[in-house]
Amino acid sequence: MAKDSYLVGLIGSGIGPSLSPALHEREADRQGLRYLYRIIDIDVLGVPAQAVGDLVRSARDLGFDGLNITHPCKQLVIEHLDALAPQAEALGAVNTVVFEDGRAVGHNTDVTGFVASFARGLPDASLERVVQLGAGGAGAAVAHATLTLGAERVTVVDALAERAVSLAGQLNRHFGAGRAAAGSPDELAGLLSSADGVVHATPTGMAAHPGSPFAADLLRPELWVAEVVYRPLETELLRVARAGGCATLDGGGMAVFQAADAFRLFTGRAPDAASMLADIAELAGVAESSVG
């Protein structure tokens, strides 16, 4: 008999403003489910990211049905899981954990989330040369997604050089030699001058990490800009890019489509993504007006 009651949560840093609880709970309400979505913020708890394993075990023991995992725990959580879905294994990053018969199984819905959002929001964007900032858990997912969308070459830039090199190598093994390269932050100006678009996949611009990842004078109208951050929906980077005439994609679509896929994994039920897109626009607007 199908369940009609669920307890899920989100583990990460600085996630108090997350809209995931409301997104999931509103969809559950539409489907007549009892659904509680709890925030498990490591900053509030005063524990390091390495404590994610203990938090996952505690959630399993307390009867949670599943967890979403976000920065900075998407890679650290892997060693604490019993199994990985193929997508999560290929990425080396997990954003969704489902508890099944006492086992913790890791999934990644960020790739499908970004693919769906990009295809919807920037359908005509050129993908010959793409620069991506960030090679962490979200970065691995969106780089895979960008190449899946048909990008000819993705250059990954990260403050940690070895992380960019590692991700580029992983992408080349998966998609074919020459599809990815690693770049350093001091090469960013040159890379952006010849790129078709830039994908931003670091926490910069989040409510807890304000600012822009690079100087505004590196933007030009021919460059499209895609953002992974969704809270706020209009980050400083997107605001400056739009003012400069760039085509842009906010992080809201990716947030919705990855949440919809996670909801499906938690409940086995098909979500209404169109209604969830309307939800995030409303929720983000309310959240931003309350602090602006």
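Here is a short report on the structure shown in this document. Not measured: the values here are computed from a predicted model. (Residues numbered from 1 in each chain as written. Predicted model: local features only at pLDDT ≥ 70, side-chain atom pairs only at ≥ 80, totals over all residues. Heavy atoms only, no water.)

What follows covers the nonpolar core. When a protein is soluble and globular, its nonpolar side chains tend to lie buried together. In this structure, F114, F118 and W224 are the most contacted members of the largest nonpolar core, which totals 31 residues. Going through the elements one at a time, α5 (110-121), α6 (137-148), β8 (153-157), α7 (161-175) and β11 (224-227) are the ones with two or more residues in this core. Examining the composition of this core, we find that 7 residues originate from one element, α6, more than from any other. Membership of the second largest hydrophobic core comes to 19 residues, among which are V56, I69, L81 and V97. (Core = buried A, V, L, I, M, F, W, Y, C linked by side-chain atoms within 4.5 Å. Buried < 20%, exposed > 50% of the residue type's maximum accessible area, 1.4 Å probe, protein only. Helix = DSSP H or I, 4+ residues; strand = E, 2+ residues; numbered from the N terminus.)

The subject of this paragraph is the environment of S18. Summarising the element assignment, S18 is placed in the loop between β1 (5-12) and α1 (20-30). Apart from the residues within four sequence positions on either side, S18 is in contact with L10, I39 and Y230. At a separation of 3.2 Å, a polar atom in the side chain of S18 contacts the side chain of Y230. (Contact = heavy atoms within 4.5 Å. Polar contact = N/O pair within 3.5 Å; in protein donor to acceptor, adjacent residues only side chain to side chain.)

A word on the sheet that holds strand β7 (residues 129-133). With respect to topology, 6 strands assemble into an open sheet ordered β9-β8-β7-β10-β11-β12, the strand pairing being parallel. In the strand order of this sheet, the two ends are held by β9 (180-183) and β12 (248-249), each with one partner. Relative to strand β10 (residues 197-200), β7 runs parallel, the two sharing 4 bridges. The residue bridging V130 from the neighbouring strand is G197, located in β10. (Pairing = 2+ DSSP bridges.)

With that out of the way, let us pick up the packing of α5 against α6. Two quantities define a packed helix pair, namely the angle between the helix axes and the distance between the axes. Contact pair α5 / α6: the axes reach a minimum separation of 8 Å and the direction vectors enclose 50°. Between α5 and α6, the angle is such that the two are oblique. The way α5 lies across α6 gives a crossing that is right-handed. For the pair formed by α5 and α6, the contact residues are D110, V111, F114 and V115 on the first element and A141, V142, H144, A145, T146 and T148 on the second. Among the residues making up the contact of α5 with α6, the classes are represented as 6 nonpolar, 3 polar and 1 charged. (Axes fitted to C-alpha atoms, helices over the stretch in contact; angles between N-to-C directions. Parallel < 35°, antiparallel > 145°, perpendicular 65-115°, else oblique. Left-handed = near helix turned anticlockwise from the far one by under 90°. Nonpolar A, V, L, I, M, F, W, Y, C, P; charged D, E, K, R; others polar.)

Attention shifts here to the pairing of strand β6 (residues 103-107). Counting buried residues in β6 gives 4 out of 5 residues, a clear majority hidden from the surface. In the sheet, strand β4 (residues 83-84) pairs with β6 via 2 bridges, with the strands oriented parallel. The partner of A83 across the bridge, within β6, is V105. Note that strand β5 (residues 96-100) and β6 share 5 bridges and pair antiparallel. Bridge pairing links F99 to A104 in β6.

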